[in-house]
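Breakdown of the fold
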Amino acid sequence: MKKQKLTNDVLVDIYRRTQKIYQTDVKFRSMISSGDLAIVYYSARGQEVVSAATMAALEKSDYLVTIYRGIHDQIAKGVPLKPLMAEYTGKVTGTCRGKGGPMHITHPESGVMVTTGIVGSGIPIASGLGLASQLSGDGRVTVTCFGDGATNIGAFHEGVNMASLWNLPVIFLCQNNLYGEHTKFEYTSNTETVAERGAAYGIRSVRVNGNDPVEMYQAAKEAADHARAGNGPTLIEAMTFRFNGHVFGDPGGYIPKEEMAAAKKADPVPLLRQHLLDSGIEEAILNEIDTEIESEVEEAAKFALESGDPDMRENQIDVYDYEVSA
């Protein structure tokens, strides 16, 4: 794949999404560390650019299916911060009225159809959404995000095979951060890459540096155009790294110190900022974006913490009920 130059408008869009992810993640970790919040939290620190660049390449109407480490995907796809943070804190003002929590964020208005708490389970769901779009002719593309660990789950092979067989408009985005929970990828796979597994199902497959905004945007845009043109699915393996343990509070001792140090030296957030400066974008513009997002995050956090808890009546709302005739 020959890299192409992105316009400054696209770069600023990616930067804005990246900063919103980064600052929201910092805020959540700060609230948990200070004791203001007690939730299970899966930080996506280090993987911001993968989601920001991907969602910038999609249409607002496109669908997203993600996993419990999905806050970066949800923010990048456009879920408003106030109801998003309220759902993470279990409040009635949240996207699911506090009944979903961090692992089950849903916001159809932004295209976030499902967030799953089960590794790999979103992949066949994405193929189902792709089939629905194919049958209705709505022109939507579905992107499903998952980690490298999910590629050893049966649902991965079932979902990819189905999408290939039926030529569905789906992007399978593996955010390969090299660790499936606590286990290094090379200890769980006899293939060197995830991308090469796509060959078994006859689908277009690419491997990119997910922390490079140009490579990631271009790969996602080409995959979306490919799918929208009726040419079927793409498997993208986006190489990245997570800077925290599997779940917040996990010290990550299984990650060699030198490997973590090298990853943090190549932190995609400051590198993205420098890329924009090198592209001629004024620093004052970036500073203004930073300040604007900082204010938005603080306001959303205050809204979430001050919102009320759901009451018992919520147990009888949004529940599907049916009767079986004798």
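See the structure shown above.
Each residue is numbered by its place in its chain's sequence as written, counting from 1. Given that this is a predicted model, residues contribute local features only at a pLDDT of at least 70 and side-chain atom pairs are listed and counted only at 80 or more, while totals for whole chains, interfaces and linings are drawn from all residues. Where side-chain values are given, they derive from all heavy atoms of the structure, hydrogens and water being excluded.

When DSSP finds at least two bridges between two strands, those strands are taken to pair. Numbering of helices and strands runs from the N terminus; a helix is a DSSP stretch of H or I covering at least four residues, while a strand is a stretch of E covering at least two. Across the sheet, six strands lie side by side as β2-β1-β3-β4-β8-β7; this open sheet has parallel pairing. Each edge of the open sheet is held by one strand with a lone partner, namely β2 (112-116) and β7 (204-209). Each neighbouring strand pair of the sheet contributes to a mean axis angle of 15°, computed without reference to strand direction. The pairing of strand β3 (residues 142-147) with strand β4 (residues 170-176) spans six bridges and is parallel. Along β4, the bridge assignment pairs Cys145 with Leu173. Where helix α5 (residues 122-136) meets the sheet, its contacts fall on β1 (63-67), β2, β3 and β4, and the angle it forms with β3 comes to roughly 175°. Lines are fitted to the C-alpha atoms to define the axes, a helix being fitted only along its stretch in contact, and any angle between axes, read from their N-to-C directions, falls within 0 to 180 degrees. The contact rule is simple, with two residues in contact once any of their heavy atoms fall within 4.5 Å.

For the pair helix α1 (residues 8-34) and helix α4 (residues 81-88), interaxial distance at closest approach is 13 Å and the crossing angle is 35°. Where α1 crosses over α4, the handedness of that crossing is right-handed. Within the contact between the two elements, α1 uses Lys20, Thr24, Lys27, Phe28 and Met31 and α4 uses Leu81, Met85 and Tyr88. Only Asp, Glu, Lys and Arg are considered charged in this grouping, and only Ala, Val, Leu, Ile, Met, Phe, Trp, Tyr, Cys and Pro are considered nonpolar; every other residue, Gly among them, is considered polar. Its residues assigned to classes, the contact of α1 with α4 shows five nonpolar, one polar and two charged. In this scheme the handedness of a crossing depends on how the near helix is turned from the far one: anticlockwise by less than a right angle means left-handed, clockwise means right-handed.

Moving on to helix α9 (residues 268-278). With a 1.4 Å probe rolled over the protein chains alone, any residue whose accessible area is under 20% of its type maximum counts as buried; one over 50% counts as exposed, and the rest are partly exposed. Burial in α9 covers these residues: Pro268, Val269, Leu272, Arg273 and Leu276. What you see down the axis of α9 is that its buried residues fit within an arc of 140°, all on one side. Buried residues along α9 sit in contact with α1, α2 (48-56), α7 (213-228) and α10 (283-306). The backbone nitrogen of Val269 has a side-chain oxygen 3.0 Å away, supplied by the residue at the start of α9, namely Asp267. Taken from the residues just after α9, Gly280 is the one with a positive phi, measuring 95°. Working definition: the arc comes from the directions between the helix axis and the C-beta atoms, pointing outward to the latter. Under the rule applied, a polar contact is a pair of N or O atoms within 3.5 Å (in protein, one hydrogen donor and one hydrogen acceptor; residues adjacent in sequence only if both atoms are side-chain atoms).

Attention shifts here to the packing of aromatic side chains. The rule is short: rings of Phe, Tyr and Trp, with Trp giving its six-membered ring, pair when the centres are within 6.5 Å, and they are stacked under 30 degrees, edge-to-face over 60, tilted in between. Summed over all chains, the structure comprises seven aromatic pairs. With a centroid separation of 5.3 Å and 40° between ring planes, the pair formed by Phe28 and Tyr41 is classed as tilted. You can see Phe28 sitting in helix α1 and its partner Tyr41 sitting in the loop between α1 and α2, a full 13 residues away along the chain. Across this residue pair, the class does not change: Phe28 and Tyr41 are buried. Aromatic ring contacts, followed pair by pair, group Phe28, Tyr41 and Tyr88 into a single cluster.

Now for the nonpolar core. For this analysis, a nonpolar core means a set of buried residues of the types Ala, Val, Leu, Ile, Met, Phe, Trp, Tyr and Cys, connected via side-chain atoms within 4.5 Å. One finds Ile14 and Phe28 to be the most contacted residues of the largest nonpolar core, which totals 60 residues. The element best represented in this core is α1, accounting for nine residues. When near neighbours in sequence (up to four residues on either side) are disregarded, Phe28 contacts Leu37, Ile39, Tyr41, Ile71, Met85, Tyr88 and Thr89. Of all hydrophobic cores here, the second largest spans 19 residues; its members include Ala126, Leu129, Leu168 and Tyr201.

Turning to the packing of α1 against α9, a few remarks are in order. Taken N-terminus to C-terminus, the directions of α1 and α9 make an angle of 155°; their axes are 10 Å apart at the nearest point. The angle between α1 and α9 places the two elements in the roughly antiparallel class. The chirality of how α1 crosses α9 is left-handed. Here α1 contributes Leu11, Val12, Ile14, Tyr15, Thr18, Gln19 and Tyr22 to the contact with α9, which in turn contributes Val269, Leu272, Arg273, His275 and Leu276. Among the residues making up the contact of α1 with α9, the classes are represented as eight nonpolar, three polar and one charged. The labels follow the angle: roughly parallel below 35 degrees, roughly antiparallel above 145, roughly perpendicular from 65 to 115, and oblique for the rest.

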